[in-house]
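What follows is each chain in one-letter form.
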Amino acid sequence: GMWRAARSRTSSAAVCRAANNGNQSAIVVGAGVIGLCTSVRLLEAGYSVTCVAENVAGDPNRGVASGGAGGLWFPYLCESTERTGRWANETRVLYEKLLQDGLGFEDNGVAVKDVWQCYSPGNDLPPWAPDCPTLELLSVAQVEEKYAPGLPQYMIDQDDFLAYQFEAPIVQVDLFLGHLRRLIEGMGGALVERKVAGPIESLEADILVNCAGIGNAVEVEGLESDARMRPVRGQIVHCENRANITEAVTIGAGAESAYMIPRGDVVVYGGTSDDGQWDLSVNEDTVEDIIRRCKKLLPEEYTQGMEDRIVGHWVGLRPYREEMVSVEAKTLEDGRVVVNNYGHGGSGFTLCWGCADEVVRMAQAPGT
(Lines give C-alpha, C1' and ligand atoms only; values in the text may rest on other atoms or scores of the structure.)
Protein backbone atom coordinates (compact mmCIF):
# COMPACT_ATOMS: atom_id res chain seq x y z
CA GLY A 1 0.00 0.00 0.00
CA MET A 2 1.01 3.62 -0.38
CA TRP A 3 2.32 5.56 2.61
CA ARG A 4 -0.05 8.24 3.71
CA ALA A 5 1.51 11.22 5.43
CA ALA A 6 -0.07 12.57 8.59
CA ARG A 7 -2.45 15.30 7.64
CA SER A 8 -1.85 18.71 9.09
CA ARG A 9 -5.14 18.77 11.02
CA THR A 10 -7.27 15.93 12.30
CA SER A 11 -10.68 16.39 13.86
CA SER A 12 -10.94 15.65 17.54
CA ALA A 13 -13.96 13.56 16.58
CA ALA A 14 -11.47 10.99 15.31
CA VAL A 15 -9.98 10.80 18.77
CA CYS A 16 -13.41 10.49 20.39
CA ARG A 17 -14.16 7.46 18.24
CA ALA A 18 -11.65 5.65 20.44
CA ALA A 19 -14.46 3.48 21.73
CA ASN A 20 -13.46 -0.13 22.33
CA ASN A 21 -11.44 -1.51 19.44
CA GLY A 22 -12.85 -5.02 19.92
CA ASN A 23 -9.58 -6.40 21.29
CA GLN A 24 -7.63 -5.51 18.22
CA SER A 25 -3.96 -6.28 18.78
CA ALA A 26 -1.04 -3.91 18.34
CA ILE A 27 2.70 -4.46 18.42
CA VAL A 28 4.90 -1.43 19.01
CA VAL A 29 8.57 -1.88 18.17
CA GLY A 30 10.86 0.41 20.18
CA ALA A 31 10.79 1.40 23.86
CA GLY A 32 12.23 4.88 23.88
CA VAL A 33 9.90 7.70 24.85
CA ILE A 34 8.14 7.49 21.45
CA GLY A 35 7.41 3.76 21.65
CA LEU A 36 6.30 3.91 25.28
CA CYS A 37 3.96 6.91 24.81
CA THR A 38 2.52 5.26 21.69
CA SER A 39 1.90 2.04 23.65
CA VAL A 40 0.14 3.96 26.43
CA ARG A 41 -2.17 5.72 23.97
CA LEU A 42 -3.03 2.50 22.10
CA LEU A 43 -3.86 0.78 25.40
CA GLU A 44 -6.08 3.69 26.41
CA ALA A 45 -7.84 3.38 23.04
CA GLY A 46 -8.70 -0.26 23.77
CA TYR A 47 -6.03 -2.19 21.83
CA SER A 48 -4.17 -5.08 23.39
CA VAL A 49 -0.54 -3.97 23.16
CA THR A 50 2.86 -5.62 23.16
CA CYS A 51 5.86 -3.29 23.16
CA VAL A 52 8.97 -5.07 21.87
CA ALA A 53 12.49 -3.65 21.99
CA GLU A 54 16.09 -4.73 22.12
CA ASN A 55 16.55 -2.49 25.17
CA VAL A 56 13.08 -2.47 26.67
CA ALA A 57 14.28 -1.11 30.03
CA GLY A 58 15.74 1.99 28.34
CA ASP A 59 19.28 1.48 29.68
CA PRO A 60 21.02 4.76 28.74
CA ASN A 61 24.33 2.99 28.22
CA ARG A 62 23.01 0.87 25.38
CA GLY A 63 22.40 3.59 22.84
CA VAL A 64 18.76 4.45 23.55
CA ALA A 65 18.69 8.22 23.15
CA SER A 66 15.68 8.60 25.47
CA GLY A 67 17.46 6.94 28.39
CA GLY A 68 19.97 9.75 28.85
CA ALA A 69 18.46 12.78 27.11
CA GLY A 70 18.38 16.22 28.70
CA GLY A 71 14.59 16.01 28.91
CA LEU A 72 13.87 19.63 28.00
CA TRP A 73 10.64 20.34 26.11
CA PHE A 74 12.03 22.17 23.08
CA PRO A 75 11.85 21.15 19.41
CA TYR A 76 15.41 20.55 18.23
CA LEU A 77 16.93 18.83 15.21
CA CYS A 78 13.65 17.95 13.53
CA GLU A 79 11.53 19.54 10.82
CA SER A 80 10.29 23.04 11.71
CA THR A 81 6.71 22.86 10.45
CA GLU A 82 3.13 23.54 11.46
CA ARG A 83 2.57 19.88 12.36
CA THR A 84 5.63 19.58 14.61
CA GLY A 85 4.61 22.85 16.25
CA ARG A 86 1.19 21.34 16.92
CA TRP A 87 2.60 18.02 18.21
CA ALA A 88 5.00 19.94 20.46
CA ASN A 89 2.26 22.09 21.99
CA GLU A 90 -0.07 19.10 22.43
CA THR A 91 2.78 17.34 24.25
CA ARG A 92 3.54 20.37 26.44
CA VAL A 93 -0.11 20.60 27.51
CA LEU A 94 -0.06 16.91 28.41
CA TYR A 95 2.97 17.29 30.65
CA GLU A 96 1.22 20.21 32.33
CA LYS A 97 -1.84 17.98 32.90
CA LEU A 98 0.40 15.29 34.39
CA LEU A 99 1.47 17.84 37.00
CA GLN A 100 -2.15 18.23 38.05
CA ASP A 101 -3.03 14.54 38.27
CA GLY A 102 -1.70 14.08 41.79
CA LEU A 103 1.51 12.19 41.05
CA GLY A 104 4.66 13.82 42.35
CA PHE A 105 8.03 14.40 40.69
CA GLU A 106 9.42 11.23 42.31
CA ASP A 107 6.68 9.26 40.49
CA ASN A 108 6.97 10.62 36.96
CA GLY A 109 9.92 13.02 36.87
CA VAL A 110 7.93 15.88 35.35
CA ALA A 111 8.54 19.50 36.38
CA VAL A 112 7.94 22.87 34.73
CA LYS A 113 10.82 25.35 34.85
CA ASP A 114 11.86 28.66 33.33
CA VAL A 115 13.80 28.56 30.07
CA TRP A 116 15.53 31.35 28.20
CA GLN A 117 17.52 31.33 25.00
CA CYS A 118 19.53 33.81 22.98
CA TYR A 119 20.72 33.33 19.41
CA SER A 120 22.86 35.77 17.45
CA PRO A 121 22.60 35.59 14.51
CA GLY A 122 18.93 34.83 15.06
CA ASN A 123 16.26 33.11 12.97
CA ASP A 124 12.52 33.68 12.82
CA LEU A 125 10.39 32.63 15.77
CA PRO A 126 9.82 28.86 15.62
CA PRO A 127 6.38 27.54 14.57
CA TRP A 128 5.47 26.39 18.11
CA ALA A 129 6.01 29.86 19.60
CA PRO A 130 2.61 31.49 18.86
CA ASP A 131 0.80 28.71 20.74
CA CYS A 132 3.11 28.78 23.77
CA PRO A 133 1.28 31.13 26.16
CA THR A 134 4.25 31.89 28.41
CA LEU A 135 6.61 32.91 25.59
CA GLU A 136 8.02 36.45 25.80
CA LEU A 137 10.58 38.06 23.54
CA LEU A 138 13.65 39.51 25.26
CA SER A 139 15.58 42.65 24.36
CA VAL A 140 19.40 42.73 24.32
CA ALA A 141 19.26 44.68 27.59
CA GLN A 142 17.08 41.99 29.18
CA VAL A 143 19.53 39.29 28.09
CA GLU A 144 22.47 41.28 29.45
CA GLU A 145 20.64 41.65 32.78
CA LYS A 146 20.72 37.87 33.15
CA TYR A 147 24.54 38.04 33.23
CA ALA A 148 24.71 40.75 35.93
CA PRO A 149 26.95 41.72 37.58
CA GLY A 150 29.04 40.52 34.60
CA LEU A 151 28.33 40.84 30.89
CA PRO A 152 27.92 38.25 28.13
CA GLN A 153 31.34 37.16 26.83
CA TYR A 154 30.00 37.04 23.26
CA MET A 155 28.59 39.54 20.77
CA ILE A 156 24.84 40.04 20.45
CA ASP A 157 24.13 41.80 17.16
CA GLN A 158 21.33 44.32 17.83
CA ASP A 159 20.13 43.85 14.25
CA ASP A 160 20.40 40.08 14.08
CA PHE A 161 19.40 38.21 17.21
CA LEU A 162 16.50 36.24 18.65
CA ALA A 163 15.99 35.95 22.41
CA TYR A 164 12.99 34.74 24.35
CA GLN A 165 11.90 33.12 27.58
CA PHE A 166 9.10 30.67 28.33
CA GLU A 167 8.05 28.04 30.83
CA ALA A 168 8.66 24.46 29.72
CA PRO A 169 8.37 20.94 31.03
CA ILE A 170 11.72 19.38 31.94
CA VAL A 171 11.58 15.67 32.66
CA GLN A 172 14.03 13.53 34.56
CA VAL A 173 14.12 10.92 31.84
CA ASP A 174 14.72 7.77 33.90
CA LEU A 175 11.77 8.53 36.18
CA PHE A 176 9.48 9.42 33.26
CA LEU A 177 10.32 6.30 31.23
CA GLY A 178 9.77 4.19 34.36
CA HIS A 179 6.39 5.89 34.84
CA LEU A 180 5.41 5.02 31.24
CA ARG A 181 6.49 1.37 31.63
CA ARG A 182 4.39 1.09 34.83
CA LEU A 183 1.38 2.61 33.02
CA ILE A 184 1.75 0.06 30.21
CA GLU A 185 1.96 -2.91 32.55
CA GLY A 186 -0.81 -1.53 34.78
CA MET A 187 -3.17 -1.42 31.77
CA GLY A 188 -2.33 -5.00 30.81
CA GLY A 189 0.24 -4.24 28.13
CA ALA A 190 3.34 -6.41 27.72
CA LEU A 191 6.96 -5.24 27.56
CA VAL A 192 9.14 -7.78 25.75
CA GLU A 193 12.92 -7.60 25.43
CA ARG A 194 14.06 -8.83 22.04
CA LYS A 195 15.56 -7.49 18.87
CA VAL A 196 13.15 -7.51 15.96
CA ALA A 197 14.96 -8.24 12.72
CA GLY A 198 12.96 -6.43 10.03
CA PRO A 199 10.73 -6.08 8.25
CA ILE A 200 7.98 -5.15 10.70
CA GLU A 201 5.45 -6.88 8.39
CA SER A 202 6.82 -10.21 9.62
CA LEU A 203 5.11 -9.59 13.00
CA GLU A 204 1.56 -10.78 13.67
CA ALA A 205 -0.88 -8.13 14.93
CA ASP A 206 -3.69 -5.97 13.55
CA ILE A 207 -1.65 -2.78 14.04
CA LEU A 208 2.15 -2.70 13.72
CA VAL A 209 3.88 0.50 14.88
CA ASN A 210 7.49 1.27 14.06
CA CYS A 211 8.96 3.40 16.88
CA ALA A 212 12.47 2.01 16.46
CA GLY A 213 14.20 5.35 15.93
CA ILE A 214 17.80 4.93 14.81
CA GLY A 215 17.02 1.20 14.50
CA ASN A 216 15.66 2.14 11.07
CA ALA A 217 18.99 3.35 9.70
CA VAL A 218 20.47 1.44 6.77
CA GLU A 219 23.73 0.81 8.69
CA VAL A 220 22.13 -1.25 11.46
CA GLU A 221 20.12 -3.51 9.12
CA GLY A 222 17.21 -3.09 11.50
CA LEU A 223 13.51 -2.63 10.93
CA GLU A 224 13.40 -0.41 7.86
CA SER A 225 16.34 0.46 5.69
CA ASP A 226 15.46 4.13 5.64
CA ALA A 227 18.19 6.02 3.81
CA ARG A 228 16.98 9.28 5.36
CA MET A 229 17.80 8.09 8.89
CA ARG A 230 21.11 8.95 10.46
CA PRO A 231 22.44 9.56 13.96
CA VAL A 232 23.27 13.02 15.24
CA ARG A 233 25.55 12.18 18.16
CA GLY A 234 25.19 14.18 21.34
CA GLN A 235 27.68 14.26 24.21
CA ILE A 236 26.83 15.89 27.53
CA VAL A 237 28.37 16.50 30.94
CA HIS A 238 26.50 15.74 34.18
CA CYS A 239 27.18 18.02 37.15
CA GLU A 240 25.75 17.80 40.64
CA ASN A 241 22.71 19.96 41.33
CA ARG A 242 23.17 23.43 42.76
CA ALA A 243 20.48 25.37 44.61
CA ASN A 244 20.90 28.43 42.37
CA ILE A 245 20.38 26.51 39.11
CA THR A 246 16.63 26.32 38.54
CA GLU A 247 16.30 27.39 34.89
CA ALA A 248 17.43 26.02 31.52
CA VAL A 249 19.52 28.21 29.21
CA THR A 250 20.57 27.83 25.57
CA ILE A 251 22.94 30.24 23.86
CA GLY A 252 23.95 30.31 20.20
CA ALA A 253 26.68 32.82 19.38
CA GLY A 254 28.11 32.77 15.88
CA ALA A 255 29.20 29.20 15.21
CA GLU A 256 29.29 28.23 18.91
CA SER A 257 26.55 27.11 21.25
CA ALA A 258 26.08 25.80 24.77
CA TYR A 259 23.18 24.80 26.97
CA MET A 260 22.35 23.90 30.54
CA ILE A 261 19.34 21.89 31.74
CA PRO A 262 18.53 21.24 35.42
CA ARG A 263 17.07 17.78 34.82
CA GLY A 264 16.27 16.87 38.42
CA ASP A 265 18.93 14.27 39.13
CA VAL A 266 21.80 16.30 37.64
CA VAL A 267 22.47 19.53 35.78
CA VAL A 268 23.12 18.65 32.15
CA TYR A 269 25.66 20.78 30.27
CA GLY A 270 26.12 20.44 26.54
CA GLY A 271 26.53 19.72 23.96
CA THR A 272 27.34 18.44 20.50
CA SER A 273 25.50 17.66 17.27
CA ASP A 274 27.87 15.30 15.48
CA ASP A 275 26.18 14.46 12.21
CA GLY A 276 26.46 10.83 11.10
CA GLN A 277 28.63 9.81 14.05
CA TRP A 278 27.92 6.42 15.68
CA ASP A 279 30.62 6.41 18.39
CA LEU A 280 29.07 5.92 21.85
CA SER A 281 32.28 6.42 23.81
CA VAL A 282 32.95 9.64 25.75
CA ASN A 283 35.44 11.86 23.94
CA GLU A 284 37.73 13.66 26.44
CA ASP A 285 38.53 16.54 24.05
CA THR A 286 34.80 17.12 23.67
CA VAL A 287 34.41 17.28 27.47
CA GLU A 288 37.02 20.06 27.54
CA ASP A 289 35.30 21.86 24.68
CA ILE A 290 31.85 21.68 26.32
CA ILE A 291 33.28 23.16 29.54
CA ARG A 292 35.00 25.91 27.54
CA ARG A 293 31.84 26.82 25.60
CA CYS A 294 29.64 26.74 28.70
CA LYS A 295 32.03 29.02 30.58
CA LYS A 296 32.16 31.41 27.63
CA LEU A 297 28.46 31.54 26.78
CA LEU A 298 26.44 30.85 29.96
CA PRO A 299 26.16 33.19 32.98
CA GLU A 300 29.20 32.81 35.23
CA GLU A 301 27.10 31.99 38.33
CA TYR A 302 25.99 28.79 36.54
CA THR A 303 29.41 27.58 35.37
CA GLN A 304 31.77 28.61 38.16
CA GLY A 305 33.75 25.56 39.24
CA MET A 306 31.62 23.25 37.08
CA GLU A 307 34.66 21.09 36.29
CA ASP A 308 34.82 20.19 40.00
CA ARG A 309 31.13 19.23 40.10
CA ILE A 310 31.19 16.66 37.29
CA VAL A 311 29.49 13.41 38.29
CA GLY A 312 29.29 11.72 34.89
CA HIS A 313 29.18 11.88 31.12
CA TRP A 314 26.80 10.54 28.52
CA VAL A 315 26.70 10.01 24.77
CA GLY A 316 23.52 9.34 22.82
CA LEU A 317 22.51 9.05 19.17
CA ARG A 318 19.61 11.29 18.17
CA PRO A 319 17.43 9.50 15.59
CA TYR A 320 17.53 12.24 12.97
CA ARG A 321 15.55 11.90 9.75
CA GLU A 322 16.34 14.12 6.79
CA GLU A 323 13.50 16.42 5.70
CA MET A 324 10.82 15.09 8.02
CA VAL A 325 9.77 12.91 10.90
CA SER A 326 8.10 9.72 9.62
CA VAL A 327 4.53 9.67 10.96
CA GLU A 328 2.54 7.84 8.31
CA ALA A 329 0.43 4.73 7.80
CA LYS A 330 -0.27 2.12 5.18
CA THR A 331 -2.71 -0.76 5.00
CA LEU A 332 -1.31 -4.13 3.90
CA GLU A 333 -3.22 -6.37 1.49
CA ASP A 334 -4.29 -8.60 4.39
CA GLY A 335 -5.79 -5.62 6.24
CA ARG A 336 -3.06 -5.12 8.83
CA VAL A 337 -2.10 -1.48 9.34
CA VAL A 338 1.57 -0.43 9.59
CA VAL A 339 2.22 2.96 11.19
CA ASN A 340 5.60 4.70 11.32
CA ASN A 341 6.44 6.99 14.24
CA TYR A 342 10.19 7.57 14.10
CA GLY A 343 12.92 10.06 13.21
CA HIS A 344 12.24 12.67 15.92
CA GLY A 345 15.86 13.85 16.13
CA GLY A 346 16.44 15.82 19.33
CA SER A 347 12.70 16.18 19.97
CA GLY A 348 11.49 12.84 21.33
CA PHE A 349 10.33 14.15 24.72
CA THR A 350 8.92 17.23 22.95
CA LEU A 351 6.74 15.50 20.34
CA CYS A 352 5.94 12.17 22.05
CA TRP A 353 2.31 12.67 23.13
CA GLY A 354 1.24 14.58 20.02
CA CYS A 355 2.71 11.88 17.77
CA ALA A 356 1.24 9.05 19.86
CA ASP A 357 -2.24 10.57 19.43
CA GLU A 358 -1.57 10.83 15.69
CA VAL A 359 -0.71 7.10 15.59
CA VAL A 360 -3.99 6.17 17.29
CA ARG A 361 -5.94 8.32 14.80
CA MET A 362 -4.19 6.62 11.89
CA ALA A 363 -4.68 3.14 13.32
CA GLN A 364 -8.41 3.79 13.71
CA ALA A 365 -9.01 5.41 10.33
CA PRO A 366 -6.49 3.78 7.98
CA GLY A 367 -8.34 4.88 4.86
CA THR A 368 -8.14 8.63 5.47
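Anyway, here's the lowdown on the structure attached to this text. (Residues numbered from 1 in each chain as written. Predicted model: local features only at pLDDT ≥ 70, side-chain atom pairs only at ≥ 80, totals over all residues. Heavy atoms only, no water.)

## Re the overall build of the chain
Consideration 1: Within the chain, the secondary structure is distributed over ten helices and 16 strands.
Consideration 2: Taking 2.2 N^0.38 as the reference for a compact globule, 368 residues should give roughly 21 Å; the C-alpha atoms of the chain span a radius of gyration of 20 Å, in line with that estimate.
Consideration 3: The principal-axis extents of the C-alpha atoms in the chain amount to approximately 65 × 40 × 40 Å.
Consideration 4: Out of the 368 residues in the chain, the part that is buried amounts to 55%.
Consideration 5: The long-range fraction of contacts in the chain, counting pairs at least 24 apart against all pairs at least 6 apart in sequence, stands at 77%.
Consideration 6: Surface accessibility of the chain: about 15500 Å² in total, with carbon and sulfur atoms responsible for 49%.
Consideration 7: Taking the 31 positively charged and 52 negatively charged side chains of the chain as two groups, their mean positions are separated by 4 Å. (Helix = DSSP H or I, 4+ residues; strand = E, 2+ residues; numbered from the N terminus. Rg over C-alpha atoms; globule rule 2.2 N^0.38 Å. Buried < 20%, exposed > 50% of the residue type's maximum accessible area, 1.4 Å probe, protein only. Contact = heavy atoms within 4.5 Å. Areas by Shrake-Rupley, 256 points an atom, 1.4 Å probe, with all protein chains shown as cover. Lys, Arg positive; Asp, Glu negative; His and termini not counted. Charge placed at Lys NZ, Arg CZ, Asp CG, Glu CD.)

## Quick notes on the nonpolar core
Consideration 1: In terms of nonpolar packing, the biggest core is built from 68 residues, with Tyr95, Phe166 and Phe176 touching the most fellow members.
Consideration 2: Of the residues forming this core, the biggest block, ten residues, is contributed by helix α10 (residues 348–364).
Consideration 3: The contact partners of phenylalanine 176, leaving out residues within four places of it in the chain, are Val33, Tyr95, Leu98, Asn108, Val110, Val171, Phe349 and Trp353.
Consideration 4: If you look at the next biggest cluster of nonpolar residues, it comprises 27 residues, including Trp116, Leu138, Met260 and Leu298. (Core = buried A, V, L, I, M, F, W, Y, C linked by side-chain atoms within 4.5 Å.)

## Quick look at the environment of glutamine 235
Consideration 1: Take glutamine 235: it is sitting in strand β9 (residues 229–239).
Consideration 2: Judged by relative accessible area, glutamine 235 falls into the buried class, the value being 0%.
Consideration 3: Distance from glutamine 235 to histidine 313, taken between C-alpha atoms, is 7.5 Å for residues 78 residues apart in sequence.
Consideration 4: Residue contacts for glutamine 235: discarding those within four places in its chain leaves Gly270, Gly271, Thr272, Ser281, Val282, Asn283, Thr286, Val287, Ile290, Trp314 and Val315.
Consideration 5: Side chain to side chain, glutamine 235 and arginine 233 meet in a polar contact 2.8 Å long. (Polar contact = N/O pair within 3.5 Å; in protein donor to acceptor, adjacent residues only side chain to side chain.)

## A look at the side chain of serine 66
Consideration 1: Structurally, the position occupied by serine 66 is in helix α3 (residues 65–68).
Consideration 2: Judged by relative accessible area, which is 11%, serine 66 ranks as buried.
Consideration 3: Of note is the side chain of serine 66, whose polar atom sits 2.9 Å from the backbone nitrogen of valine 33.
Consideration 4: Apart from residues no more than four positions distant in its own chain, serine 66 is found in contact with Gly32, Val33, Val173, Leu177 and Phe349.

## Quick notes on the packing of helix α4 (residues 82–100) against α10
Consideration 1: Close contact between α4 and α10 brings their axes to 6 Å; oriented N to C, the two are set at 105°. Judged by the inter-axis angle, α4 sits roughly perpendicular to α10. On α10, the residues touching Thr84, Arg86, Trp87, Ala88, Glu90, Thr91, Leu94 and Tyr95 of α4 are Phe349, Thr350, Leu351, Cys352, Trp353, Gly354, Cys355, Asp357, Glu358 and Arg361.
Consideration 2: Looking at the contact of α4 with α10 residue by residue, the classes come out as nine nonpolar, four polar and five charged. (Axes fitted to C-alpha atoms, helices over the stretch in contact; angles between N-to-C directions. Parallel < 35°, antiparallel > 145°, perpendicular 65-115°, else oblique. Nonpolar A, V, L, I, M, F, W, Y, C, P; charged D, E, K, R; others polar.)

## Looking at the state of the cysteines
Consideration 1: As enumerated under the stated definition, the model contains zero disulfides in all.
Consideration 2: Cysteine cysteine 211 shares no disulfide, and the gap to the nearest cysteine sulfur, in cysteine 51, comes to 7.7 Å.
Consideration 3: What makes cysteine 211 buried here is its relative accessible area of 7%.
Consideration 4: The thiol sulfur of cysteine 352 is not disulfide-bonded, and the nearest other cysteine sulfur, from cysteine 37, lies at 3.8 Å.
Consideration 5: On the accessibility criterion, cysteine 352 (0% relative accessible area) is buried. (Disulfide = S-S within 2.5 Å.)

## Regarding the pattern of salt bridges
Consideration 1: What the rule picks out here adds up to 23 salt bridges.
Consideration 2: Of the charged contacts, one joins glutamate 204 and arginine 336 as a salt bridge, the two residues approaching to 3.9 Å between their closest N and O atoms. Linking glutamate 204 in the loop between β7 (190–193) and β8 (207–210) with arginine 336 in the loop between β15 (326–331) and β16 (337–342), this pair joins segments that are 132 residues apart in sequence.
Consideration 3: As a salt-bridge pair, glutamate 323 and arginine 228 come within 3.3 Å of each other at their nearest N and O atoms. A residue pair is termed long-range when its members are at least 10 positions apart, and glutamate 323 in the loop between β14 (310–321) and β15 and arginine 228 in the loop between β8 and β9 qualify at 95 residues.
Consideration 4: Owing to a relative accessible area of 30%, arginine 228 belongs among the partly exposed residues under this scheme. (Salt bridge = Lys/Arg side-chain N within 4 Å of Asp/Glu carboxyl O.)

## Some points on the packing of helix α2 (residues 33–44) against helix α7 (residues 173–186)
Consideration 1: Contact geometry of α2 with α7 gives a least axis separation of 9 Å together with a crossing angle of 30°. Here α7 runs roughly parallel to α2, going by the angle between their axes. The two elements α2 and α7 meet at a crossing, and its hand is left-handed. Contacts between α2 and α7 involve Val33, Leu36, Cys37, Ser39, Val40 and Leu43 from the former and Phe176, Leu177, Leu180, Arg181, Leu183 and Ile184 from the latter.
Consideration 2: Residue composition of the contact of α2 with α7, by class: ten nonpolar, one polar and one charged. (Left-handed = near helix turned anticlockwise from the far one by under 90°.)

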